[in-house]
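Read off the chains here:
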Amino acid sequence: GGVQASCGTCLSWDFESGTALSDTNGWIRTPTSTMSGYTLLRSASPTYNQSGHSLAVSVNLGYGFDVEVPLCSGATISGSFVAHMLIQDLAGASTVNVTSLLFMTDNATLAGWESSKTVATNTWIPITPFVSPIPSSSASFVELFFQVDNPSWRGTVYLDDIVFSP
């Protein structure tokens, strides 16, 4: 499990709670995002570490997506961070050129990369922080920005076991 933010929000998302496909553990489309053509759903497969569910972000139109989970007012985060991601390419490609993948808050960039990186598909990969432990900072949300270099890319990105820990 994850730690709690200073205001009590749990900083761990395994997508196990809820019963409907729309139960995304609070993760939503970023309200200020200019990206479109993607949907968020709770998925029973694939999952990381044999858990029961993951968050599926299906990209049907374009470069990528921008999603976030709001935190409680006055949240302070710190400690370690890890998230797990699996990419499926609808055309069956074995790799995808990801130009940007960033986990961030409104005050800090936590993990990922900002330059092109070739990522294997159908394999769970860990996303770890730039600096560990993460320095204490205030945050009103945790956001994931994901972008590929192909404007006609279609696929699904699965996220699971997103965890802040002491």
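Residues numbered from 1 in each chain as written. Predicted model: local features only at pLDDT ≥ 70, side-chain atom pairs only at ≥ 80, totals over all residues. Heavy atoms only, no water.

**Some details on the overall build of the protein chain**
Heads up, the condition is: Going along the chain from the N terminus, every DSSP run of H or I of four or more residues is numbered as a helix, and every run of E of two or more is numbered as a strand. As defined in this context, the radius of gyration uses C-alpha atoms, and a globule is described by 2.2 Å times the residue total to the power 0.38. Remark: exposure states derive from per-residue accessible area (1.4 Å probe, protein chains only) relative to the maximum for the residue type, with buried under 20%, exposed over 50%, and partly exposed in between. Should any heavy atoms of two residues lie within 4.5 Å, those residues are counted as being in contact. In this description, accessible areas are obtained by the Shrake-Rupley approach with a 1.4 Å probe, and a residue is regarded as covered only by the protein chains that are shown. All tallies of charge rest on Lys and Arg as positive and Asp and Glu as negative; His and the ends of each chain are not included. The location of each charge is read from NZ of Lys, CZ of Arg, CG of Asp or CD of Glu.
From N to C terminus, the protein chain includes zero helices and 11 strands. Compactness check: the protein chain gives a C-alpha radius of gyration of 15 Å against a globular reference of 15 Å for 166 residues, within 12% of the reference. Once the C-alpha set of the protein chain is aligned to its principal axes, its extents read approximately 45 × 35 × 30 Å. Out of the 166 residues belonging to the protein chain, those deemed buried represent 49%. Long-range contacts, defined here as pairs at least 24 residues apart, represent 72% of the contacts in the protein chain between residues at least 6 apart. Only carbon and sulfur atoms are counted for the fraction: they give 52% of the accessible area of the protein chain, which is about 7,400 Å². Averaging the coordinates of the 4 positive side-chain charges in the protein chain and doing the same for the 12 negative ones gives two points 7 Å apart.

**Here's the deal with the side chain of E143**
Our working definition: When a carboxyl oxygen of Asp or Glu lies within 4 Å of a side-chain nitrogen of Lys or Arg, that pair is called a salt bridge.
As for its position among the elements, E143 is in strand 10 (residues 134-148). One buried charged residue, E143, remains without a salt bridge, the closest side chain of opposite sign being R29 at 12 Å. Apart from the residues within four sequence positions on either side, E143 is in contact with T30, D66, V67, E68, L102, F103 and M104.

**Some points on the environment of D66**
The residue D66 is located in strand 5 (residues 64-89) in this model. For D66, a relative accessible area of 8% corresponds to the buried category. As a C-alpha pair, D66 and S140 span 74 residues in sequence and 16 Å in three-dimensional space. Every residue in contact with D66, bar those within four places of it in the chain, is listed here: R29, T30, S33, M35, Y38, E143, L144 and F145.

**A word on the pairing of strand 11 (residues 155-165)**
Definition in use: Paired strands, as defined in this entry, are two strands with at least two bridges between them according to DSSP.
Of all 11 residues in strand 11, 10 are buried; the element is thus mostly enclosed. Where strand 1 (residues 12-13) meets strand 11, two bridges bridge the pair, whose relative direction is antiparallel. Pairing of S12 across the sheet is with V163, part of strand 11. As judged from the five bridges shared by strand 4 (residues 54-59) and strand 11, these two strands associate in the antiparallel manner. Considered in strand 11, the bridge of L55 is made with L159. Pairing of strand 5 with strand 11 involves nine bridges; the strand directions are antiparallel. Opposite I87, over in strand 11, you have V157 as the bridge partner.

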